[in-house]
Amino acid sequence: MDLGISGKVALVGASGGGLGLATAQRLAREGCNVAICDINADALPAAREAVLEAGGGKLRVFAYPVDLSDASAITEMVTAIQKDLGSIDILVTNAGGPPPGTFDDATDEKWLRGYALTFMSTVRLIRSVLPEMKTKGWGRIINLASRALLEPIPNLMISNAVRLAMSGIAKTLAPEIASSGITINNIGPGPTSTDRAIELAGARAKKKGISVEEELELTAKQIPHGRLGRPEELAATAAFFASELAGHITGTTLLVDGGETKAL
Ligand SMILES: NC(=O)c1ccc[n+]([C@@H]2O[C@H](COP(=O)([O-])OP(=O)(O)OC[C@H]3O[C@@H](n4cnc5c(N)ncnc54)[C@H](O)[C@@H]3O)[C@@H](O)[C@H]2O)c1
């Protein structure tokens, strides 16, 4: 299926690893020139190679070290991308998830950090790309969020609360930018095999006094498919939302969770 996005410029947040990297690779396979970024500068050279390889070595791929919780760092990065690759057509907002824990674990410092990282990075990234998307009359914004948009996940207090605000942005912004040919949608992954899934399983395992492997097995059993998601499955969904074909879909949330979420 031709997604119709060959030659577009895509920025994928937190793409030094995990879901961001898988999404950047998928967009490169679809012929996009890709900007990847991450706070972990050491991860970027290998990630860039992987994205270049996914694109058959023919595309332009630039890598930017950035702390996405920092407003001025986002502005500087987007200015650099516009100079290196041109204006951004496809934005995938993504950042490392907030720390796990209950309400009692959540200090003001952790709340504010989670808010800056998960919520304000989304706001600032969207703000930085919208003017040029409006000028061109085309744009795709995809927020990598969580299945928590539909059903709160135990022991993820900050993530559950802050991500709902992301959903509020998408639903409110969608009609504001629709006439400019820009769509905005959320993807809600369930447990997917990345470092984050292992980190969260580790936190749950510690509370239960079991090993991370045992906890990952229990997690897989709760998913009707009987396994964790694969990053490339999430990435394929992001690529579809980025496509020309998805031009009439906006303001929605699509779960990629193997059927785990019970909410209607
Ligand atoms: N993997 C899952 O099971 C799962 C499920 C639901 C939601 N999510 C969410 O999806 C998002 C991506 O998750 P993942 O599984 O790819 O996680 P991951 O831990 O595998 O990768 C996260 C990436 O974000 C980078 N990062 C962290 N803080 C950053 C910052 N301040 N600025 C820039 N980059 C930063 C890390 O260096 C890392 O490369 C997270 O918000 C996570 O909570 C993941």
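Definitions and cut-offs
Residues numbered from 1 in each chain as written. Predicted model: local features only at pLDDT ≥ 70, side-chain atom pairs only at ≥ 80, totals over all residues. Heavy atoms only, no water. Buried < 20%, exposed > 50% of the residue type's maximum accessible area, 1.4 Å probe, protein only. Helix = DSSP H or I, 4+ residues; strand = E, 2+ residues; numbered from the N terminus. Pairing = 2+ DSSP bridges. Right-handed = clockwise from strand over helix to strand, strands pointing away. Core = buried A, V, L, I, M, F, W, Y, C linked by side-chain atoms within 4.5 Å. Contact = heavy atoms within 4.5 Å.

Successive side chains on a regular strand alternate, one facing one side of the sheet and the next facing the other. Of all six residues making up strand β2 (residues 33-38), six are buried, and the element is well covered by its neighbours. Going residue by residue along β2, you find Asn-33, Ala-35 and Cys-37 tucked away on one face and Val-34, Ile-36 and Asp-38 tucked away on the opposite face as well. Relative to β2, strand β1 (residues 9-12) is paired through four bridges, and the arrangement is parallel. Considered in β2, the bridge of Val-12 is made with Ile-36. What joins β1 to β2 is helix α1 (residues 18-29), and the crossover it makes is right-handed. In this fold, the crossover linking β2 to strand β3 (residues 61-65) by way of helix α2 (residues 44-54) has right-handed handedness.

Counting 40 residues, the largest nonpolar core has Leu-11, Leu-68, Met-77 and Ile-141 as the members making the most contacts within it. Going through the elements one at a time, β1, β2, α3 (71-84), α4 (108-136), α5 (157-177) and β6 (182-189) are the ones with two or more residues in this core. Take this core: its biggest share by element is nine residues, from α4. Excluding anything up to four places from it in sequence, Ile-141 contacts Leu-91, Ile-126, Leu-130, Met-133, Ile-177, Ile-182, Thr-183, Ile-184 and Asn-185. Among the nonpolar cores identified, the runner-up in size contains 29 residues, and Leu-19, Ala-28, Leu-52 and Val-61 belong to it.

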